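Summary of the model geometry
Given next are the chains, with one letter for each unit.
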Amino acid sequence: MPKSELVERIRHLKEEKGAVILAHNYQLPEIQDIADHLGDSLALSRLATTLPQEIILFCGVFFMAETAAILSPRKRVILPDPTAGCPMADMITAEALARLQEKHPGAYTVMYVNSTAEVKALADCCCTSANGVEMVAAAPADREIIFAPDKYLGGWIATRTGREMILWNGFCPSHQKFVPEEIRGLRRKYPGAVVMSHPEVNPGIAAESDVILGTGGMIDFAGKDPAGTFIVGTEVGMVYRLQKLYPGKRFLPASPRALCPNMKKITLEKVLTALESLEPVIRVAPDTARAARAAIERMLKTGRAEKNS
Ligand code: 13P
Ligand code: SF4
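Now for a quick tour of the structure. (Residues numbered from 1 in each chain as written. Chains lettered and ligands numbered in written order. Predicted model: local features only at pLDDT ≥ 70, side-chain atom pairs only at ≥ 80, totals over all residues. Heavy atoms only, no water.)

Looking now at the site of ligand 2. Within the structure, ligand 2 sits among Tyr26, Val61, Cys86, Pro87, Met88, Asn114, Cys172, His175, Glu200, Cys260 and Met263. Here the shell around ligand 2 is built from residues that sort into eight nonpolar, two polar and one charged. (Near = heavy atom within 4 Å. Nonpolar A, V, L, I, M, F, W, Y, C, P; charged D, E, K, R; others polar.)

The next subject is the site of ligand 1. In the vicinity of ligand 1, the contacting residues are His24, Tyr26, Asp40, Ser41, Asn114, Ser129, His175, His198, Glu200, Gly214 and Thr215. A distance of 2.6 Å is found between an oxygen atom of ligand 1 and a side-chain nitrogen or oxygen belonging to Ser129. In this structure, His198 approaches ligand 1 through a side-chain N or O atom, which is 2.9 Å from an oxygen atom. Burial of ligand 1 by the protein chains amounts to 96% of its free accessible area of 300 Å². Of the residues belonging to the shell around ligand 1, the class tally is one nonpolar, eight polar and two charged. (Polar contact = N/O pair within 3.5 Å; in protein donor to acceptor, adjacent residues only side chain to side chain. Areas by Shrake-Rupley, 256 points an atom, 1.4 Å probe, with all protein chains shown as cover.)

Bringing the sheet that holds strand β12 (residues 250-253) into the picture now. The strand order β10-β9-β11-β12 describes an open sheet built from four strands, whose pairing is parallel. With partners counted over all chains shown, the strands left at the sheet margins are β10 (211-212) and β12, one partner each. Looking at chain direction, strand β11 (residues 229-233) and β12 are connected through four bridges and run parallel. Opposite Val232, over in β12, you have Pro253 as the bridge partner. (Pairing = 2+ DSSP bridges. Helix = DSSP H or I, 4+ residues; strand = E, 2+ residues; numbered from the N terminus.)

Here the focus is the pairing of strand β9 (residues 194-197). The two faces of a sheet get side chains in turn, since along a regular strand they alternate between them. The side-chain alternation of β9 yields two buried faces, one formed by Val194 and Met196 and the other by Val195 and Ser197. Taken together, the four bridges between β9 and β11 define a ladder with parallel strand orientation. Bridge pairing in β11 links Met196 to Val232. Bridge analysis of β9 against β10 gives two bridges, and the strand direction is parallel. Its bridge partner lying in β10, Ser197 is registered against Ile212. Taken together, β9, helix α10 (residues 203-208) and β10 form a β-α-β motif whose crossover is right-handed. (Buried < 20%, exposed > 50% of the residue type's maximum accessible area, 1.4 Å probe, protein only. Right-handed = clockwise from strand over helix to strand, strands pointing away.)

If you walk through the whole model with that rule in mind, you get 13 salt bridges. Among the ionic pairs, Arg188 bridges to Glu181, the shortest N-O distance being 2.9 Å. A relative accessible area of 45% means that Glu181 is categorised as partly exposed. Several salt bridges converge on common partners, so that one network encompasses Glu181, Arg184, Arg188 and Glu208. (Salt bridge = Lys/Arg side-chain N within 4 Å of Asp/Glu carboxyl O.)

Below, the discussion takes up the packing of helix α11 (residues 215-224) against helix α12 (residues 237-245). Contact pair α11 / α12: the axes reach a minimum separation of 11 Å and the direction vectors enclose 30°. Of the possible angle classes, the one that applies to α11 and α12 is roughly parallel. In this structure, α11 meets α12 at a crossing whose hand is right-handed. Across the interface between the two elements, Thr215, Met218, Ile219 and Ala222 from α11 touch Met238, Arg241, Leu242 and Leu245 from α12. The residue inventory of the contact of α11 with α12, partitioned by class, reads six nonpolar, one polar and one charged. (Axes fitted to C-alpha atoms, helices over the stretch in contact; angles between N-to-C directions. Parallel < 35°, antiparallel > 145°, perpendicular 65-115°, else oblique. Left-handed = near helix turned anticlockwise from the far one by under 90°. Contact = heavy atoms within 4.5 Å.)

With 107 residues, the main nonpolar core has Phe58, Phe147, Met196, Leu242 and Val271 as its most contacted residues. Broken down by element, the residue count for this core peaks at seven residues, all from helix α4 (residues 62-71). Of all hydrophobic cores here, the second largest spans twelve residues; its members include Phe178, Leu186, Ile231 and Ala254. (Core = buried A, V, L, I, M, F, W, Y, C linked by side-chain atoms within 4.5 Å.)

Here it is, written out as structure tokens:
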């Protein structure tokens, strides 16, 4: 089916079924173009709780749709491809976290939302890249902190807050594709360009960067900063997002190899099929959902979010 027809049918079915399409900033351009709302992990979880629609078609990875389902248990949350996972989220299991918590009784557990519902259920609070610093700063001062699963995000938060943390050895494979020499080469080619990197990058890349921001923070920053050229140290989908928002500025990927294959699993064809059948629905066992919701809601109440569009 031609792309224009696919888009037309998606628009029509979405209206007919009363669904809303949410998409993460890393989604394919054609998915970004059909979304009702685009955002980072934090903005999308907030939206899930405030939107009037009963059907949420989520274009992102599994943990994002699962978070929406946890926050809105009465809504129908659909993920067009349920195999769109997050390798980092799979680097920690509930059993392994429970063992670490046994070794550190009394520790306060801050869990990056890039994690499964079972893991979140064992955490004291969640955080995203947008509010990790605030969440760790708000942790009780007299308790040890366990941070999981991203050791690089955790390490960066530790330097910002001065809080020592027990870090899980997880990481995002897509954010490890950057190399310092490539960024230096781009700086030489585009003098005055600002390098914005995601806190999931490793410290060597963070040291090459001018600012470290989540995807929502990058959108705000690029809109306000006077620079005309930005080197984008995060998943490549972000370049399309920024370029569309700010056509007068130039956005270059810090590495074209920084691609999240799971984010790219959501296609127009799969969106259409999902709208036709209103499947596959993301469901979370009620006990797990209840415990995970407490950790996510603590984040939504405490975290001072970066502004998102
Ligand atoms: P943001 O919350 O900054 O959008 O990041 C989500 C993510 O998966 C980063 O890899
Ligand atoms: Fe997970 Fe990395 Fe993909 Fe984000 S970019 S969803 S952290 S694998």
